[in-house]
Amino acid sequence: MGQHHEAAPATLVTLITGAVIGAGSLAWWLLNEADRRRRLGHQQAMLYAPRMQDGSEVLDPVSNGHKRNQALEERVERLNAAIADVRRQLEGLGKGD
């Protein structure tokens, strides 16, 4: 029975040590995960940065999706008008010869 009493403190120390190591490991993992997510968010923000300069891309596509679609449609209309102008100019050059 004397051995049983001596094993209890050793078991308690082992449990406490395991809890401390587990808590430290969990804290380390959480910090690494937070850092990874921060870096990933920064990288994604950098992907959008060049397009934000001309206003063609927004960070919140859900609320501004309609505006973005309108801007895209306006650009397509301007491009189509420019193509039509060039066509007319080329036809005019062809008739002039």
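Computed from a prediction, not measured in an experiment: that's the story for all the values here. (Residues numbered from 1 in each chain as written. Predicted model: local features only at pLDDT ≥ 70, side-chain atom pairs only at ≥ 80, totals over all residues. Heavy atoms only, no water.)

S.K.: Residue-level account of the overall build of the protein, with values.
M.R.: When you go through the protein residue by residue, the secondary structure sums to 2 helices and 0 strands. The buried share of the protein, taken over its 97 residues, is 3%. Of the roughly 8700 Å² of accessible surface on the protein, 62% is carried by carbon and sulfur atoms. (Helix = DSSP H or I, 4+ residues; strand = E, 2+ residues; numbered from the N terminus. Buried < 20%, exposed > 50% of the residue type's maximum accessible area, 1.4 Å probe, protein only. Areas by Shrake-Rupley, 256 points an atom, 1.4 Å probe, with all protein chains shown as cover.)

S.K.: Go over the pattern of salt bridges with me, naming the residues and quoting the values.
M.R.: For the structure shown, the criterion picks out 5 salt bridges. Between Glu33 and Arg36 there is a salt bridge, with the nearest N and O atoms lying 2.6 Å from each other. Highlighted residues: Glu33 and Arg36, both in helix H1 (residues 2-52), separated by 3 residues, approximately one helical turn. Taking relative accessible area as the criterion, Arg36 reaches 39% and is therefore assigned partly exposed. Where Arg88 meets Asp85, a salt bridge forms, and the shortest distance between an N and an O atom there is 2.1 Å. Of this pair, Arg88 and Asp85 both sit in helix H2 (residues 65-96), 3 residues apart, roughly one helical turn. Judged by relative accessible area, Arg88 falls into the exposed class, the value being 52%. What you see here is one network of salt bridges that share partners, running through Glu33, Arg36 and Arg37. (Salt bridge = Lys/Arg side-chain N within 4 Å of Asp/Glu carboxyl O.)

S.K.: Got a sec to walk through a nonpolar patch on the surface? Specific residues and values, please.
M.R.: On the surface, Leu26, Trp28, Trp29 and Leu30 cluster together into a nonpolar patch covering about 490 Å² of accessible area. Along the chain, Trp29 turns up in helix H1. Relative accessible area serves as the criterion here: at 47%, Trp29 is assigned to the partly exposed category. (Patch = residues over 30% accessible without salt bridge, like charges linked within 9 Å, V, L, I, M, F, W, Y side chains within 5 Å.)

Geometric values such as these leave the question of function open.
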